[in-house]
Amino acid sequence: MLAKLNNVTKRYYKAEGVRGLTLDFPAGEIIGVLGLNGSGKSTMLKLLAGLLTPTEGKVMTFDGPPRRNRAKIVYLGETDSLYAWMTPADAERFMAGLYDDFDRSRFRELLDTLDVPQRKTKAMSRGERGRLRLAMALARGAKLYLLDEPLAGIDLLSREKILQSLVREWHTDETIILSTHEVAEAEGLFERVIYLRDGRLALDTQAEELREQGKSVVDAFREVLG
């Protein structure tokens, strides 16, 4: 088991980010985490990344607390924190200096695949920066990838390139957990879908089971969360 949430609650003052979540994440899955704004998606991913500590319950990754296993975890948040002066070559040197598992040749291949221009990020579009950030994340040799809204605010062509690269770069011993509001575009990627409502688990199912019931991931989204 790569990761596990056991009856996890995270409170922010009087509000709750997630409540009573119990979920297992084995190796070899691409999982969609879906929900409306404020449903707890980002909180759940940050708990798995070790960026937040649960108020109650236990979070485990690789048989230990996430903070002890961050070298095996990639977290790509919503915030675009790229330096304005940074070029893809700068990003390569930056990542290689931080992470021993960063694969320079894989990074360069991803730059080509995602059509990332060789210029400073301040001169890039939002979609171009998003593709660069994804290349930086996927060039790591981790086992657990936590991607929080990597498609948000990005143009259609960029979203298609990102989704294609996720499929191409995924290995069967790795798990990708991806939150997105672009449900219709991403649903073909998911083997498993987790629906959150108000910080609680609304549904955890295999995408194929939905299809056998004559439903799409979008249909279930409307039914469970609408």
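These numbers come from a predicted model, not from an experiment.

Basis of the calculations
- Residues numbered from 1 in each chain as written.
- Predicted model: local features only at pLDDT ≥ 70, side-chain atom pairs only at ≥ 80, totals over all residues.
- Heavy atoms only, no water.
- Pairing = 2+ DSSP bridges.
- Helix = DSSP H or I, 4+ residues; strand = E, 2+ residues; numbered from the N terminus.
- Axes fitted to C-alpha atoms, helices over the stretch in contact; angles between N-to-C directions.
- Salt bridge = Lys/Arg side-chain N within 4 Å of Asp/Glu carboxyl O.
- Buried < 20%, exposed > 50% of the residue type's maximum accessible area, 1.4 Å probe, protein only.

Caption draft 1: Representation of the sheet that holds strand 7 (residues 175-179). The six strands lie next to each other as 5-6-7-3-8-9, forming an open sheet whose pairing is mixed. Unpaired on one side and paired on the other, strand 5 (73-76) and strand 9 (200-206) mark the two borders of the sheet. With strand direction ignored, the average angle separating the axes of adjacent strands in the sheet is 15 degrees. Where strand 5 meets strand 6 (residues 144-148), four bridges bridge the pair, whose relative direction is parallel. Paired with L76 across the bridge in strand 6 is L147.

Caption draft 2: Spotlight on the pattern of salt bridges. Within this structure, the stated rule accounts for 19 salt bridges. Of the charged contacts, one joins R192 and E29 as a salt bridge, the two residues approaching to 3.0 Å between their closest N and O atoms. Of this pair, R192 sits in strand 8 (residues 192-197) while E29 is found in the loop between strand 2 (15-25) and strand 3 (30-34), placing the two residues 163 residues apart along the sequence. Of the two residues, R192 and E29, neither departs from the other in class, the shared state being buried. Linking R222 and D219 is a salt bridge whose minimum nitrogen-to-oxygen distance equals 4.0 Å. Highlighted residues: R222 and D219, both in helix 8 (residues 217-225), separated by three residues, approximately one helical turn. A relative accessible area of 57% means that R222 is categorised as exposed. One connected set of salt bridges, linked through shared partners, spans R11, E16, R19 and E56.

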